[in-house]
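# Understanding the architecture of this molecule
Take a look at the letters that make up each chain.
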Amino acid sequence: MVAMATLLTAVFGLPLGVLLVTADRGGLTPAPAFKAVLGAVVNIGRSLPFIVLMVAVIPFTRLVTGTTIGTVAAVVPLTLGAVPFFARLVETALRGVDREVVEAAQAMGARRLAIVGKVLLPESLPGLVAGLTVTIVALIGYSAMAGAIGGGGLGDLAVRYGYQRFDTGVMIITVVLLIVIVQFVQSLGDLVARRLDKK
């Protein structure tokens with residue numbers, strides 16, 4: 001569930017973050033009105049609590065997956081909740097690229113697409129990996145909430161076998177598993193980001 005949502009979040013969130021940067025004033029393709037609308041849409045997506053978003057997109061989830069329960073159905077709200085979040089992290093990472101590097105590429109006649117693909121993204125790779133790591137950790141938390149209302153996964157296990165059956169042992173094991181998974185993901189992400197950092 002988290003793996004599929006992460007993949008879809010990266011596929012949709014990365015271009016969205018790039019657009020937020022390139023369409024800004026002083027960007028590669030300035031379009032302030034478009035940037036304002038896009039920024040507003042992203043902010044609306046980020047402002048909704050995940051549990052509210054899950055309920056709000058039930059009709060869309062049913063349209064896409066044919067069902068509203070289970071791990072496959074949970075991927076839809078997980079992705080919709082994470083894309084705006086990741087897009088802002090991508091935007092932050094891209095803004096951290098030295099402006100002089102971009103200007104040097106422009107001076108050498110590089111096209112806009114080439115600047116994005118060969119300058120902005122490679123230069124911001126450590127930040128992008130760190131942002132993706134934070135997003136995966138958030139998705140793990142979201143997936144636990146999704147499980148509470150029929151999404152499956154560890155959240156479902158905790159609610160069904162721990163909370164509803166008053167089995168404290170299952171609850172403790174679930175919490176420990178979540179902590180271990182988050183620690184592993186965060187440590188791995190930090191390691192990869194450090195390896196990619198040229199500074």
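This one's a predicted model, so the numbers in the text were calculated from it and none came from an experiment. Think of each chain on its own: its residues are numbered from 1, step by step along the sequence as written. It should be noted that, the model being predicted, local features are given only for residues of pLDDT at least 70 and side-chain atom pairs only at 80 or more, the latter also being counted only at that level, while totals for whole chains, interfaces and linings use all residues. With hydrogens and water excluded, all non-hydrogen atoms of the structure serve as input to the side-chain values.

## Re the environment of Lys35
Spelled out, the test is: Helix and strand labels come from DSSP, where a helix needs a run of H or I of at least four residues and a strand needs a run of E of at least two; each type is numbered from the N terminus. Under the scheme applied here, a residue whose accessible area is under 20% of the maximum for its type counts as buried, over 50% as exposed, and between as partly exposed, the area being computed with a 1.4 Å probe on protein chains only.
Following the sequence through the fold, Lys35 ends up in helix 2 (residues 32-47). Note on Lys35: relative accessible area 15%, which makes it buried. A C-alpha to C-alpha distance of 5.9 Å links Lys35 and Asp24, two positions 11 residues apart in sequence.

## Brief notes about the UniProt feature "transmembrane region" (unreviewed entry) in the protein
This is how it is decided: UniProt positions are given in the numbering used here, feature names are shortened, and annotations may be inferred rather than shown by experiment.
Mapped onto this numbering, the UniProt entry gives "transmembrane region" (unreviewed entry) at residues 33-56, 63-87, 128-154 and 166-185. Its end C-alpha atoms 25 Å apart, residues 63-87 is made of 80% helix and 0% strand. Secondary structure over residues 166-185 splits into 90% helix and 0% strand, and the C-alpha atoms at its two ends are 30 Å apart.

## Let's talk about the side chain of Thr9
Note the threshold: In what follows, residue pairs with any heavy atoms lying within 4.5 Å of each other are defined as contacts.
Position of Thr9 relative to the elements: it lies in helix 1 (residues 2-22). The residues touching Thr9, leaving out its near neighbours within four places in the chain, are Leu14, Thr79, Ala82, Val83, Phe86, Thr135 and Leu139.

## Focus on the nonpolar core
Counted only if it meets this: Nonpolar cores were defined as sets of buried Ala, Val, Leu, Ile, Met, Phe, Trp, Tyr and Cys residues, with membership established by side-chain atoms within 4.5 Å.
Grouped together as the largest cluster of nonpolar side chains are 15 residues, with contacts concentrated most on Leu28, Leu94, Val102, Ile115 and Leu120. Secondary-structure elements contributing two or more residues to this core are helix 1, helix 5 (71-95), helix 6 (99-107) and helix 7 (112-123). Here Ile115 is in contact with Leu28, Val102, Ala105, Gln106, Ala110 and Leu120, once residues within four sequence places are set aside.

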